[in-house]
Amino acid sequence: GFSPMKSLTFCSLFNSTDSWELVEDLQGLTGNIQKPEKQEGLLLKKRKWPMKGWHKRYFLLERGILTYAKTGTDLKKGRLRGRIDVGLSVMAMKKKSMCIDLDTEDSIYHLKAKTRDLFEQWVTQLRHHRTFRQNEITMEPPERPLQSDPTANRRKVTQQYTQKTHFVFFLFFYQRSFLSKLPSALLKNSWWQNSQDMDKCCKDLSECESALLELNLLLKNMEVLHRTFSAPAINLLQVGLFACVSLYLWIKYVFMFGNKFVYMLSCYWPKSTKPIMTQMFSTDQEVLVGSRPLRQQVSSESRGSIPESLSEFFDAKEYLLSGSSSENEASDDDSYVSDVSDSTSVEFCRNENGVAKEISSNGNNCAVKRRERLPSTRMNESVNLWSILRSNIGKDLSKVAMPVQLNEPLNTLQRLCEEVEYCHLLDTAANTHDPHMRMVYIAAFAVSAYACSFTRAGGKPFNPILGETYECLRPDKGFHFIAEQVSHHPPVSACHCESKNYTFWQDVRWKNKFWGKSMEIVPMGVTRLELFADRYEWSKVTSCIHNILSGQRWIEHYGEISIKHSTTMGDVSLCKVTFLKSRSGGLNANEVEGMVTDSNGRVIHSLFGKWNEALYLGKPPSATCIWRANPMPEDHEQYYGFTQFAIELNELEEGLKPLLPLTDTRFRPDQRLLEEGDIAGAEEQKERTEVLQRERRRVLQENNITHSPRFFKRAEDDSWVSNGTYWDLRKDPGFSKLEFPVLW
């Protein structure tokens, strides 16, 4: 229903007609509100991809529900493009541009009227319908939730699955006592010996297949829970329910088929520790009966039938990435099946004490031992975020001071370094001679930059101070990285990463817009990569953090990455990767699709996968894995959702301190105190640092002095590039002998 959290006191934020105005919500029960008249007609709706821009759509507003289709005829025939509950949406409007924004829990709908009269008419009707719908939701008895209310539906489904889970756990304990009494010889010999011919065997296999299909349907029904839980909890939920339902069906079919079902699954069960359920969704499964392969053909299914975890679906089709081979192209040949890790330059192993060691490809031990967790877990303290944000609807939040509790103990400069975690993909690309296959690895690298954000919707990185720097020297990964905050207004962060195989650099600024329930982050700037004589360029996609004010926050990326390849001979290939926007129910959450084309536009390679899991080359079921995200630390939820690579970024070893400039992020006191769990001290230092920054800016303005970055310079195309002095200054004469501004 309509919760008190959504019943906020809104007011007109600005008097200017060029600013966004929030439509106020219902303030309480008002009895019977007159049913509003139906409103319908054409409006413009903004699309980001494909064919981004304003497109005509036919809208129908009835009883507080706004539906739309491409045409009025499509609407009458039920071919809807979308459905919006206006009562459960945050509504904002901009009079000058005649724009109306509706922020639902899942999406932001940007609408626009062509004329002033039409705009006023729709705003009036939307206000009336919104009030009517909110009153209707408030008056609705709790035992009869509206079927059109997605929140009520999720609560109902959650309750149903809670009851089912209790029942499954009961069956689990019964199963343990039941199976323990079955003689092992009976399980493996009775059915096979008593079966007289293969017809009987085929019949039993068919019954087993029906059982697996039923499990498939049950798992698909669970997908409606996708938006009920936080992103970090989704995988845990799926694994738990998956295991419970698997046990339930195991017991069910043991009772139905007796020992036959037990033996059939033991025949199917692979020798590895992975269960058969990770393979059963394939449209072309290969299993073993005895020592003879049995190829089981199932009716072909659409992409929509691919399970939620693509990494499980194609886990048996790992792609062997070799930095020294130039023949690693997609193939249906099973010779590419491998369980080898994607990284070939460095292996990570653990010694007897559990300390991570780094072993280089030549077998020599590296001296550096990196930490495996942060000094302190995340300290949960309540923050009235709405009181901070309500006066900043539609504004750029980079200019708004936030309490330190909303931060994570990393800096934006360090977040840029996280984008090169999977730099082995660039090493592989540099050693691949086929330009189109090289583009595949570069596309995988571009997608991998988003993997670390999946578990990080709960916090924001610290904003860098003007002149702040960060270095990351990783001999184990073969790169050295530097970053600097080169501009304050607008805030611009520049970075440069270099190895023997590639040079990677970018300058990034973000536009942040808060829309009531969600916040959009629109990156500006271009990412550039050089592999010897070849250059590649691409831009980033839009990110959106949902449930800013209440509920579990989750992050979504949508838009298109277009990677352009150029050499002295001109453009030779192009790659487009589309980050799909989640549909209702989250059926395609986090999915990406892409293709590599030649200079004539002919498709050479197809890509698909999930930006938080893996990227695959080809088409199912013969696709091969190009990239897979590294496993998360076991207790990452307690430590800001950090990956192992992120945990290492702010570590400051004693031997490193004298080598760094005083402007390095790792010396920043507010960030360090937050990492150690001292929120009060971190807040105090954050305020002091911000005061120092304002004072330095005032002095520069009064003396007509323009800040000049120390390690970056402007290029002719107005981008920021390294001036090539950092690493030379680091060793001779050393940063300790140079003067730097006092940043904190």
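Residues numbered from 1 in each chain as written. Predicted model: local features only at pLDDT ≥ 70, side-chain atom pairs only at ≥ 80, totals over all residues. Heavy atoms only, no water.

With respect to the secondary-structure elements, Glu421 resides in the loop between helix 10 (412–418) and helix 11 (424–430). We note that Glu421 is buried and unpaired, the nearest opposite charge coming from Lys477 at a distance of 5.9 Å. Glu421 has contacts with Lys477, Asn630, Thr643 and Phe645, leaving out every residue within four places of it along the chain. (Helix = DSSP H or I, 4+ residues; strand = E, 2+ residues; numbered from the N terminus. Buried < 20%, exposed > 50% of the residue type's maximum accessible area, 1.4 Å probe, protein only. Lys, Arg positive; Asp, Glu negative; His and termini not counted. Salt bridge = Lys/Arg side-chain N within 4 Å of Asp/Glu carboxyl O. Contact = heavy atoms within 4.5 Å.)

Before going further, it helps to examine the sheet that holds strand 2 (residues 39–47). Pairing in this open sheet of eight strands is antiparallel, and the strands run 1-6-7-8-2-3-4-5 from one edge to the other. Every other strand in the sheet has two partners, leaving strand 1 (21–22) and strand 5 (82–85) as the edge strands with one partner each. (Pairing = 2+ DSSP bridges.)

It is worth spelling out the state of the cysteines at this point. Within this structure, the stated rule accounts for zero disulfides. Here Cys423 is not disulfide-linked; the sulfur of Cys497 is the nearest cysteine sulfur, at 6.8 Å. Judged by relative accessible area, which is 0%, Cys497 ranks as buried. (Disulfide = S-S within 2.5 Å.)

This brings us to the nonpolar core. Among soluble globular proteins, nonpolar side chains are generally buried collectively. Core analysis: the biggest nonpolar cluster contains 74 residues, and Phe481, Trp538 and Ile563 have the highest contact counts within it. When residues of this core are assigned to their parent elements, the largest contribution, ten residues, is made by helix 12 (residues 435–448). Those residues in contact with Trp538, other than ones at most four positions away along the chain, are Ile442, Phe445, Ala446, Phe504, Val526, Thr527, Leu529, Ile561, Ser562 and Ile563. Tyr68, Val86, Tyr109 and Leu126 belong to the second largest nonpolar core, which has 20 residues in total. (Core = buried A, V, L, I, M, F, W, Y, C linked by side-chain atoms within 4.5 Å.)

For the rest of this paragraph, the subject is unusual backbone geometry. At the junction of His489 and Pro490, the peptide bond is cis and its omega measures out at 0° in the coordinates. Structurally, Pro490 is set in the loop between strand 16 (479–487) and strand 17 (492–498). Here the residue pair Pro620 and Pro621 is connected by a cis peptide bond, since its omega of 5° sits within 30 degrees of zero. Relative to the assigned elements, Pro621 resides in the loop between strand 27 (614–617) and strand 28 (624–628).

Taking 1.5 Å as the rise per residue, helix 15 (residues 679–702) with 24 residues should run 34 Å; its terminal C-alpha atoms sit 35 Å apart, in good agreement. Along helix 15, the residues that are buried comprise Ile679, Gly681, Ala682, Glu683, Gln685, Lys686, Thr689 and Gln693. Capping the start of helix 15, Asp678 holds a side-chain oxygen 2.9 Å from the backbone nitrogen of Gly681, two or three residues further along. Phi turns positive, to about 55°, at Asn704, one or two residues after helix 15. (Expected span 1.5 Å × (residues − 1). Polar contact = N/O pair within 3.5 Å; in protein donor to acceptor, adjacent residues only side chain to side chain.)

Looking at the chain, the pLDDT average stands at 74 and 62% of residues meet or exceed 70. Long-range and interchain partners of residues 1–17, a stretch whose pLDDT sits below 50, account for 41 contacts in this model, where long-range means more than four residues apart. Every residue in residues 223–239 is under pLDDT 50, and counting partners more than four places away or in other chains gives 38 contacts. (pLDDT = per-residue confidence, 0-100.)

Here the focus is the packing of aromatic side chains. Evaluation of the coordinates by the stated rule reveals 14 aromatic pairs. When the ring of Tyr68 is compared with that of Tyr109, the centres are 6.3 Å apart and the planes differ by 75°; the resulting orientation is edge-to-face. Highlighted residues: Tyr68 in strand 4 (residues 65–69) and Tyr109 in strand 8 (residues 108–112), separated in sequence by 41 residues. Across the pair, exposure class does not vary: Tyr68 and Tyr109 are buried alike. Plain terms: the ring middles of Phe454 and Trp611 are 6.0 Å apart, the flat faces sit at 70° to each other, and that makes the pair edge-to-face. Of the two residues, Phe454 sits in the loop between helix 12 and strand 14 (460–462) while Trp611 sits in the loop between strand 26 (603–610) and strand 27, which places them 157 residues apart along the sequence. Look at Phe454 and you get buried, because its relative accessible area is 10%. In this structure an aromatic cluster arises from ring pairing among Phe711, Tyr726, Trp727, Phe735 and Phe740. Residue placement shows Lys581 over the ring face of Tyr558; its charged tip is 3.6 Å from the ring centre. One cation-aromatic arrangement involves Arg710 over Phe740; the distance from NZ or CZ to the ring centre is 4.4 Å. (Phe/Tyr/Trp six-rings, centres within 6.5 Å; stacked < 30°, edge-to-face > 60°. Lys NZ or Arg CZ within 6 Å of the ring centre and 35° of its normal.)

What follows deals with the environment of Lys460. By secondary structure assignment, the location of Lys460 is in strand 14. Considered as a pair, Lys460 and Asn407 are 53 residues apart in the sequence and their alpha carbons are 4.6 Å apart. With residues near it in sequence (within four places) discarded, Lys460 still touches Leu406, Asn407 and Glu408.

This paragraph deals with the environment of Cys625. By the secondary structure assignment, Cys625 is in strand 28. A relative accessible area of 0% places Cys625 in the buried class. Taking the C-alpha atoms as reference, Cys625 lies 9.8 Å from Leu607; in sequence the two are 18 residues apart.

Here is the key point about a regular strand: its side chains alternate between the two faces of the sheet. Across six bridges, strand 18 (residues 503–514) lies against strand 19 (residues 519–524) in antiparallel orientation. Bridge assignment links Phe514 to a residue of strand 19, and that residue is Met519. Between strand 18 and strand 19, which pair antiparallel and follow one another directly, the connecting turn spans four residues, one of which, Gly516, has a positive phi of 105°. Bridge count between strand 19 and strand 22 (residues 542–546): three bridges; the pairing is antiparallel. Among the inter-strand pairings, Met519 is bridged to a residue of strand 22, identified as Ile545.

Moving on, we get to the pattern of salt bridges. Considering all chains together, one arrives at 33 salt bridges under this definition. Its salt-bridge partner being Arg438, residue Asp534 comes within 3.0 Å of it at the nearest N-O pair. Placement of the pair is Asp534 in strand 21 (residues 534–538) and Arg438 in helix 12, with a sequence separation of 96 residues.

Of all five residues making up strand 28, five are buried, and the element is well covered by its neighbours. Sheet topology note: the strand 27/strand 28 ladder contains four bridges and is antiparallel. Bridge assignment links Ala614 to a residue of strand 28, and that residue is Arg628. Here strand 27 hands over to strand 28 after six residues, with Gly618 in that stretch at a positive phi of 105°.

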